[in-house]
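# Secondary and tertiary structure notes
Okay, here's what each chain looks like letter by letter:
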Protein chains: 2
Amino acid sequence: MNESQVIEALGALAQETRLRILRFLVTKGSDGASAGEIGEAVDAASSRASFHLSTLAKAGLVTAERQSRHIIYRVDFDAMGGMIGYLINDCCKNHQDVVACCGTPKTC
Amino acid sequence: MNESQVIEALGALAQETRLRILRFLVTKGSDGASAGEIGEAVDAASSRASFHLSTLAKAGLVTAERQSRHIIYRVDFDAMGGMIGYLINDCCKNHQDVVACCGTPKTC
DNA sequence: TCAATATCTCAAGTATTATTGAAATATAGG
DNA sequence: CCTATATTTCAATAATACTTGAGATATTGA
């Protein structure tokens, strides 16, 4: 993951509706959820949910797969890990106070 | 760190000049750097550097301390860790593919 | 093919954010 | 006190992003 990809991913998450979409999709795991279900879960009109989902997909943080009439979105955990890894490894040079906040159990 | 603080921090980093400022300040560690030195390092006019530094400070990612004529900025590593920890722990529920990207050596 | 469902695209309005240069503030030293 | 240095604030402009509703596209089943 390069700098501009990370900037796009950070910008994608720096928005309330999109951060909530991501959190909701994390709970759905590999099952994912349809655009309609997601819009309902985060209380957004369909066009608004669609706009935010495409922003997340463009940033590579979610994947989209059509299943008959529905389009199923899923978190791309590798992309999330790539973005977070860039912040920790590349930006913060694995500074101990940053690394201390990773993993289970919650430490920060 | 709560949701809106994380959103502000993510937004602060989702900008080229500011991400570069952060990376530069990480290399400076606890010494920090003055606004002028930072502006020069990231090739930004003083008013622009000041604007971006205040955005980072408002988001809590850097601290500012006046030392005679200079204002010394430093990365707040705890805040960085808090933001990253929120993404890993709270948003991604410590999903293994995300946690795998943390720490030394670089794995993602 | 037609109707229903699911989702996306588009345009308009609004809001937020970034850039620039000029002016203002704060500090230190002569 | 005056000047030089360091940094911020302000105003104007430009660019980008968000929301909304209407209309377009895609898919399925009757």
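Quick caveat: nothing in here was measured; it's all calculated off a predicted structure.

### Observations concerning the side chain of N89 of chain A
- Checked against the element boundaries, N89 of chain A lands in helix α5 (residues 77–91).
- Of note is the side chain of N89 of chain A, whose polar atom sits 2.7 Å from the side chain of N94 of chain A.

### Details of the sheet that holds strand β3 (residues 70–75) of chain A
Residue and element names in this part refer to chain A.
- Judged by pairing direction, the sheet is antiparallel, and its 3 strands sit side by side in the order β1-β3-β2 without closing on themselves. In this open sheet, the two strands that pair with only one neighbour each are β1 (33–34) and β2 (62–67).
- As defined by bridge partners, β1 adjoins β3 across 2 bridges and the pair is classed as antiparallel. What sits directly across from A33, in β3, is Y73.

### Details of the nonpolar core
- If you look at the biggest cluster of nonpolar residues, it comprises 72 residues, and the most contacted ones within it are L13 of chain A together with L13 of chain B.
- Once residues lying within four places of it in the same chain are set aside, the contact partners of L13 of chain B are I7, L10 and L87 of chain A together with L19, L22, L56, L61, M80 and M83 of chain B.

### Quick word on the relation of the copies chain B and chain A
- When chain B is fitted onto chain A, the two copies agree to an RMSD of 0.0 Å after a turn of 180 degrees and an axial shift of 0.0 Å. As the rotation angle and translation indicate, the two copies are arranged about a two-fold axis.
- Interface overlap between copies is the fraction of interface residues in one copy that are interface residues in the other; for chain B against chain A it reaches 100%, indicating a shared surface.

Criteria and cut-off values
Residues numbered from 1 in each chain as written. Chains lettered and ligands numbered in written order. Predicted model: local features only at pLDDT ≥ 70, side-chain atom pairs only at ≥ 80, totals over all residues. Heavy atoms only, no water. Helix = DSSP H or I, 4+ residues; strand = E, 2+ residues; numbered from the N terminus. Polar contact = N/O pair within 3.5 Å; in protein donor to acceptor, adjacent residues only side chain to side chain. Pairing = 2+ DSSP bridges. Core = buried A, V, L, I, M, F, W, Y, C linked by side-chain atoms within 4.5 Å. Buried < 20%, exposed > 50% of the residue type's maximum accessible area, 1.4 Å probe, protein only. Contact = heavy atoms within 4.5 Å. Least-squares fit on C-alpha atoms with pLDDT ≥ 70 in both.

By themselves, these are just geometric observations and shouldn't be taken as functional.
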